[in-house]
Amino acid sequence: MAVQAQILKGTRDFLPERMILRQYVTGKLRDVFENFGFEPLDTPAIEYAEVLEGKYGDEADKLIYKFEDRGGRRIGLRYDLTVPLARVIGTHPDLARPFKRYQIAPVWRAEKPQKGRYREFWQCDVDTVGSASSLADAEVVCVAYDALRRLGFRHFKTKINSRKMLAAIAEYIGLSPDQAPAVYRAIDKLDKIGIDGVKEELAECGLNSPLISRLLDLLQVRGDADVVLAQLRTKLADSAMGAQGVDELDEVVRYLRWLGVSESNFEVDFSMVRGLDYYTGPIFETVVEEPKIGSICGGGRYDGLVGLFTNRPTPATGISLGLERIVDVLEELHLGGVPEMKTVTYALVTVFSQDTVGESLRAASELRAADIHTEVFLGKDKLGNQLRYASRKGIPFTIILGPDEIATGKAIVKNIATEEQVTIERAELVDWVLSKHEVLK
RNA sequence: GUGAAUGUAGCUCAAUGGCAGAGCACUGGACUGUGGAUCCAGCUGUUGUGGGUUCGAGUCCCAUCAUUCACCCCA
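All chains use their own residue numbering, which begins from 1 and follows the written sequence. As they are written, the chains are lettered A onward and the ligands numbered 1 onward, keeping that order. With the structure being a predicted model, the display of local features is reserved for residues of pLDDT at least 70 and the display and counting of side-chain atom pairs for 80 or more, all residues being used for whole-chain, interface and lining totals. As a convention, hydrogens and water are excluded, and side-chain values are obtained from all of the structure's heavy atoms.

Undergrad: Can you lay out the domain arrangement of chain A for me, pointing to particular residues and giving the numbers?
TA: Split into domains, chain A comes out as domain 1 (10-154 + 290-340), domain 2 (156-288) and domain 3 (347-440). Its C-alpha centre places domain 1 at a distance of 43 Å from the equivalent point of domain 3. Domains are outlined according to an automatic or database domain assignment.

Set out below in structure tokens:
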């Protein structure tokens, strides 16, 4: 009886075809991240549980995978890439500031999986530690914008809000710290349950109707960034913190324009909240309109988090792209520019018989020397099966070297997709394949 | 953590409480050096698991496990 070939709920195998797409996506992201001067970083998958605990909020804390090792140490699997970054700054306080890094790595959350949600998934984070400038906030938003554009995304919107504006409201209403999260959550549901739904939820939070009216009034401010900010400035005029939040967003928006981020891809949205506790300033979240898969990108400023590990206040801001959601959307939309390679192999050299295998191997070596990914057929199958293998795997070119070709100094190259087959001089094999190779490179 | 739906061949799915089937895939052949098309033949099962009702259960009931979807929360 074989062992059950089962994988854990919410986890997945990435078969080659999908893995090729994932690598394409992460490759593009890496290019964009480095283009803005962010440096690569990696951290352990496991951390001391205390490092992770108490950073995300009560709800999120419950979703941290934890276990005890043989020495009785309490271990946690990383829940995101932001807290480990804060820990890195504490571990290596001498890093030059601002410290700009990116990290593309898996994180784990003990949630119940559903569409677009997994227990093991990859995040692609870009963060700047040690800069309080709004330019740092705008820059990470711009990085995400560039990355999505370069992947072929067009219809997406980055919502921008400020925890300071939200806090101003909480303060004005007189919410206690344990009431605030519930109110935030109700606000955040606007898209999902509509204005009346939010009204009900707020009532359940214990707010009286004048307060609810004021909140709903704020939530319904819509329009261009400038218009929204101007209105919020008026409506939040009685709060110093609120005014500061508006000023900051004003700066972020100005920088975004200078950076060339299209007006159609961002908006100020007072109803966007984000769940994690550690955010302190501007917050961002990017949603794709067409397939409703939730947000593909989120982040914000967290000026208090790094200080927990360093004893000195350290401002920081960053953004995180969700790899699986991006890949899911790419697959669903079939966006142009995404290569449709099913295999990394470009050429298959067939083997006619034991007598000719040497010729096949020599040809394969020549192709590889020219950086053309080349397989030699492993087996003694008849030619039909060898072509069948190439066809099933989607290998673009098959090289046929039988006794006839070898005797006359020729080679047959067959394009499996187009059925075209040409006989060429054996000596020109590499150049011929190389000339076709350009297309896919 | 809460709720709902679904578990039958490698995959997708059929079968009124009455002999477990089809398509795809796979293997061989038609085709001794040409795949993907067509035709022929073949292979494929503890109906998720454990109980119960019944003359008889894939089908009804209970439990359990798994998967999916939704809620909470989130990438």
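Undergrad: Describe in detail the side chain of Ser-134, supporting the description with residues and values.
TA: Structurally, the position occupied by Ser-134 is in helix H5 (residues 134-150). Ser-134 gets classed as buried once you look at its relative accessible area, which sits at 7%. Not counting residues up to four positions away in its chain, the partners in contact with Ser-134 are Glu-248, Glu-251, Val-252 and Tyr-255. Note on conventions: DSSP H or I runs of at least 4 residues are helices, E runs of at least 2 residues are strands, and numbering of each starts at the N terminus. For every residue, the accessible area (1.4 Å probe, protein chains only) is compared with the maximum for its type, and the residue is labelled buried under 20%, exposed over 50%, or partly exposed between those bounds. It only takes one pair of heavy atoms within 4.5 Å for two residues to be counted as in contact.

Undergrad: Would you mind going over the pairing of strand E16 (residues 421-425) in detail, with residue names and values included?
TA: Within a regular strand, side chains alternate between the sheet's two faces. Strands qualify as paired when DSSP identifies two bridges or more between them. Inspection of the sheet shows strand E15 (residues 410-415) paired to E16 by five bridges, in the antiparallel sense. Within E16, the residue paired with Lys-414 across the bridge is Gln-421.

Undergrad: So what's going on with the sheet that holds strand E8 (residues 266-268)? Which residues, and what values?
TA: On the basis of which strands lie adjacent, the open sheet formed by eight strands has the order E1-E5-E6-E11-E10-E9-E7-E8 and mixed pairing. On the outer flanks of this sheet lie strand E1 (39-40) and E8, each paired with one strand and no other. Pairing of strand E7 (residues 156-162) with E8 involves three bridges; the strand directions are parallel. Bridged to Lys-159 within E8 is Glu-267. Those strands touched by helix H4 (residues 82-91) are strand E5 (99-108) and strand E6 (120-129), and its axis lies near 45° from that of E6. Under this scheme, a helix contributes an axis fitted over its contacting stretch, all axes are lines through C-alpha atoms, and angles between N-to-C directions fall in the 0 to 180 degree range. Sheet strands in contact with helix H13 (residues 323-333) are E6, strand E9 (282-288), strand E10 (295-301) and strand E11 (316-322), and its direction is about 40° off that of E11.

Undergrad: Account for the environment of Arg-70, naming residues and giving values.
TA: By secondary structure assignment, the location of Arg-70 is in the loop between strand E3 (66-68) and strand E4 (74-77). Linking Arg-70 and Thr-128, residues 58 residues apart in sequence, is a C-alpha distance of 36 Å.

Undergrad: Account for the pairing of E10, with residues named and values stated.
TA: With six of seven residues buried, E10 lies mostly within the body of the structure. As paired strands, E9 and E10 are joined by five bridges and run antiparallel to one another. Directly across from Thr-286, in E10, lies its bridge partner Cys-297.

Undergrad: Run through the nonpolar core, naming residues and quoting values.
TA: Side-chain atoms within 4.5 Å link the members of a nonpolar core, which is a set of buried Ala, Val, Leu, Ile, Met, Phe, Trp, Tyr and Cys residues. Counting residues in hydrophobic clusters, the biggest one holds 97 residues, and the most contacted among them are Phe-33 and Phe-153. If one sorts the elements of this core by residue count, H5 sits on top with nine residues. Two domains each put at least three residues into this core: domain 1 (10-154 + 290-340) and domain 2 (156-288). Formed by 19 residues, the second largest nonpolar core is a distinct cluster that contains Tyr-346, Leu-367, Ala-411 and Val-433.

Undergrad: Which residues make up the pattern of salt bridges, and what values do they have?
TA: A side-chain nitrogen of Lys or Arg and a carboxyl oxygen of Asp or Glu constitute a salt bridge if their distance falls within 4 Å. Under the defined criterion, the tally for this structure stands at 30 salt bridges. Taken together, the shared-partner salt bridges connect Glu-50, Glu-53, Lys-66 and Arg-74 into one network.

Undergrad: Describe the packing of helix H7 (residues 180-188) against helix H8 (residues 190-204), with residues and values.
TA: Running from amino to carboxyl end, H7 crosses H8 at an angle of 140°, the nearest separation of the two axes being 7 Å. By the angle between their axes, H7 is oblique relative to H8. Counting all contacts with H7, which are made through Val-183, Ala-186, Ile-187 and Asp-188, the residues of H8 involved are Leu-190, Asp-191, Val-198, Glu-201 and Leu-202. Any residue that is not Ala, Val, Leu, Ile, Met, Phe, Trp, Tyr, Cys, Pro, Asp, Glu, Lys or Arg is counted as polar, Gly included; the first ten are nonpolar and the last four charged. Taken together, the residues of the contact of H7 with H8 break down into six nonpolar, no polar and three charged. Orientation categories follow fixed angle ranges, with anything under 35 degrees roughly parallel, anything over 145 roughly antiparallel, 65 to 115 roughly perpendicular, and all other angles oblique.

Undergrad: I'd like a description of H8, backed by residues and values.
TA: Helix length check: H8 (15 residues) gives 15 Å between terminal C-alpha atoms against 21 Å at 1.5 Å per residue, more than 12% under. Note on bend: at a given residue it equals the angle between the axes fitted to the 7 residues ending there and to the 7 starting there. Of all the bends in H8, the greatest measures close to 80° and is centred on Asp-196. Close packing links the buried residues of H8 with H7 and helix H9 (209-219). An expected span of 1.5 Å times one less than the residue number is assigned to each helix.

Undergrad: Just give me the short version of the protein's contact with RNA strand B, but keep the residues and values in it.
TA: Around RNA strand B, the surrounding shell holds 39 residues, and the nearest of these are Arg-117, Arg-185, Arg-274, Gly-275 and Ser-295. Atoms of RNA strand B within 4 Å of the protein belong to the sugar or the phosphate in 49% of instances, the rest to bases. Polar contact is defined as a pair of N or O atoms within 3.5 Å, subject to the rule that within protein one atom must be able to donate a hydrogen and the other to accept it, and that residues adjacent in sequence are counted only when both atoms are side-chain atoms. Taking Lys-112, its side chain carries an N or O atom lying 2.8 Å from a base oxygen of RNA strand B. For the surface near RNA strand B, the secondary-structure elements that each account for two or more residues are E6, E10, helix H15 (383-393), helix H16 (403-408) and E15. Top contributing element to the surface near RNA strand B by residue count: H15, with six residues. Its residues assigned to classes, the surface near RNA strand B comprises 12 nonpolar, 10 polar and 17 charged. Being near a molecule or strand, for a residue, means having at least one of its heavy atoms within 4 Å of it.

Undergrad: Tell me what's going on with unusual backbone geometry, and back it up with residues and numbers.
TA: Between Arg-97 and the following residue, Pro-98, the backbone shows a cis peptide bond with an omega angle of -10°. Relative to the helices and strands, Pro-98 resides in the loop between H4 and E5. One non-glycine residue, Arg-274, lies in the positive phi region at around 70°. On the secondary structure map, Arg-274 appears in the loop between E8 and E9. Taking the relative accessible area as the measure of exposure, Arg-274 reaches 17% and is therefore buried. Phi at Asn-311 takes a positive value of approximately 70°, unusual for a residue other than glycine. Following the sequence through the fold, Asn-311 ends up in the loop between helix H12 (307-310) and E11.

Undergrad: Describe the packing of helix H6 (residues 163-173) against helix H11 (residues 240-258), with residues and values.
TA: One way to put it is that H6 packs onto H11 with a least axis distance of 7 Å and a crossing angle of 165°. Classified by the angle between their axes, H6 and H11 sit roughly antiparallel to one another. At the point where H6 passes H11, the crossing takes the left-handed sense. For the pair formed by H6 and H11, the contact residues are Lys-164, Met-165, Ala-167, Ala-168 and Glu-171 on the first element and Met-241, Gly-242, Gln-244, Gly-245, Val-246, Glu-248 and Leu-249 on the second. Of the residues that constitute the contact of H6 with H11, the class distribution is six nonpolar, three polar and three charged. By convention, the crossing between two helices is left-handed when the near helix turns anticlockwise from the far helix through less than a right angle, and right-handed when the turn is clockwise.

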